[in-house]
Amino acid sequence: MLTIIGCGNLNRNDDAVGAIIAQRLQQFLAENPYPNVQVYDCGTAGMEVMFQARGSKHLVIIDASSTGSEPGAVFKVPGKELEALPEPSYNLHDFRWDNALAAGRKIFKDDFPQEVTVYLIEAENLDFGLELSSAVKRAADIVFAEVTEIIRNYAGN
């Protein structure tokens, strides 16, 4: 199973890019069904990322980043590089997808994806709002095309 998860807050402009790409991929799969491929918009729910990824062979996560890089820059990173155990907290909002990767591997062991790829798109505007910046829109198109190619290649295996 290939699982693709988009993350982000739809009310924070460029932060929504992962969720928006996931929604586009869901539409793509509705028009072009591929067995053993599932796509989720997990918003900002790290715990949901952990449970949706369970049982998959390959996981792709898509999210916005804020590193000070050029807006719209796309980073493709192995998930192992970004795994981070969560800090002790009583608030599930503090449990992010990077925490989900580390915790999911620890809890679910062999039932958690061994192959994880993360696409991060550098945000330009994280203020409250509903629009992607033009740089992030262009990057979203690039990532959408790459991930649809992953879907096609995965289905061909």
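Residues numbered from 1 in each chain as written. Predicted model: local features only at pLDDT ≥ 70, side-chain atom pairs only at ≥ 80, totals over all residues. Heavy atoms only, no water.

### Overview of the side chain of Thr-3
Thinking step 1. By the secondary structure assignment, Thr-3 is in strand β1 (residues 2–7).
Thinking step 2. Note on Thr-3: relative accessible area 0%, which makes it buried.
Thinking step 3. A polar contact of 2.7 Å, which involves the side chain of Thr-3, links it to the side chain of Gln-38.
Thinking step 4. Among all residues touching Thr-3, those that are not within four sequence positions of it are Gln-38, Tyr-40, Gln-52, Ser-56, His-58, Leu-59 and Val-60. (Helix = DSSP H or I, 4+ residues; strand = E, 2+ residues; numbered from the N terminus. Buried < 20%, exposed > 50% of the residue type's maximum accessible area, 1.4 Å probe, protein only. Polar contact = N/O pair within 3.5 Å; in protein donor to acceptor, adjacent residues only side chain to side chain. Contact = heavy atoms within 4.5 Å.)

### Regarding the environment of Gln-114
Thinking step 1. Residue placement: Gln-114 occurs in the loop between α3 (97–108) and β5 (115–122).
Thinking step 2. Accessibility expressed as a relative area gives 57% for Gln-114, which makes it exposed.
Thinking step 3. Measuring from C-alpha to C-alpha, the distance between Gln-114 and Thr-67 comes to 26 Å, with 47 residues separating the pair along the chain.
Thinking step 4. With residues near it in sequence (within four places) discarded, Gln-114 still touches Lys-57, Arg-105 and Lys-109.

### Some thoughts on the environment of Glu-83
Thinking step 1. With respect to the element layout, Glu-83 can be found in the loop between β4 (74–78) and α3.
Thinking step 2. When residues no more than four places from it in sequence are discounted, the contact partners of Glu-83 are Asp-98, Leu-101, Ala-102 and Arg-105.
Thinking step 3. Polar side-chain contacts of Glu-83 include one of 2.8 Å to the side chain of Arg-105.

### Looking at the sheet that holds β5
Thinking step 1. In space, the five strands of this open sheet follow the order β2-β1-β3-β5-β4, with mixed pairing throughout. Edge positions in the sheet fall to β2 (37–43) and β4, since each has one partner strand and no second. Adjacent strand axes in the sheet meet at a mean angle of 20°, parallel and antiparallel pairs treated alike.
Thinking step 2. Alignment of β1 against β2, held across six bridges, turns out to be parallel. (Pairing = 2+ DSSP bridges. Axes fitted to C-alpha atoms, helices over the stretch in contact; angles between N-to-C directions.)

### Description of the nonpolar core
Thinking step 1. Grouped together as the largest cluster of nonpolar side chains are 26 residues, with contacts concentrated most on Ile-4, Leu-25, Ile-62, Val-147 and Ile-151.
Thinking step 2. Listed by contribution, the elements that provide at least two residues to this core are β1, α1 (17–31), β2, β3 (58–65), β5 and α4 (134–156).
Thinking step 3. Of all the elements, α4 adds the most residues to this core, at nine residues.
Thinking step 4. If near-sequence neighbours (up to four positions away) are discounted, Ile-62 is found in contact with Ile-4, Ile-5, Gly-6, Cys-7, Gly-18, Ile-21, Leu-25, Tyr-119, Val-143 and Val-147.
Thinking step 5. Grouped together as the second largest cluster of nonpolar side chains are 18 residues, Ile-5, Cys-7, Leu-59 and Val-116 included. (Core = buried A, V, L, I, M, F, W, Y, C linked by side-chain atoms within 4.5 Å.)

### Describing unusual backbone geometry
Thinking step 1. One non-glycine residue, Asn-36, lies in positive phi territory at about 65°.
Thinking step 2. One can find Asn-36 in the loop between α1 and β2.
Thinking step 3. Residue classification places Asn-36 among the partly exposed residues on the basis of a relative accessible area of 47%.

### Some words on the packing of aromatic side chains
Thinking step 1. Within this structure, the stated rule accounts for four aromatic pairs.
Thinking step 2. Judged by centre distance (6.4 Å) and plane angle (20°), the rings of Phe-108 and Phe-112 are stacked.
Thinking step 3. Classification of Phe-108 by relative accessible area gives buried; the value is 12%.
Thinking step 4. An aromatic cluster is defined as three or more aromatic residues linked by ring pairs; in this entry it consists of Phe-28, Tyr-34 and Phe-144.
Thinking step 5. Taking NZ or CZ as reference, Arg-12 lies 4.4 Å from the ring centre of Phe-128, over its face.
Thinking step 6. In this arrangement the basic side chain of Arg-24 is found over the ring face of Phe-144, its NZ or CZ atom lying 4.1 Å from the centre. (Phe/Tyr/Trp six-rings, centres within 6.5 Å; stacked < 30°, edge-to-face > 60°. Lys NZ or Arg CZ within 6 Å of the ring centre and 35° of its normal.)

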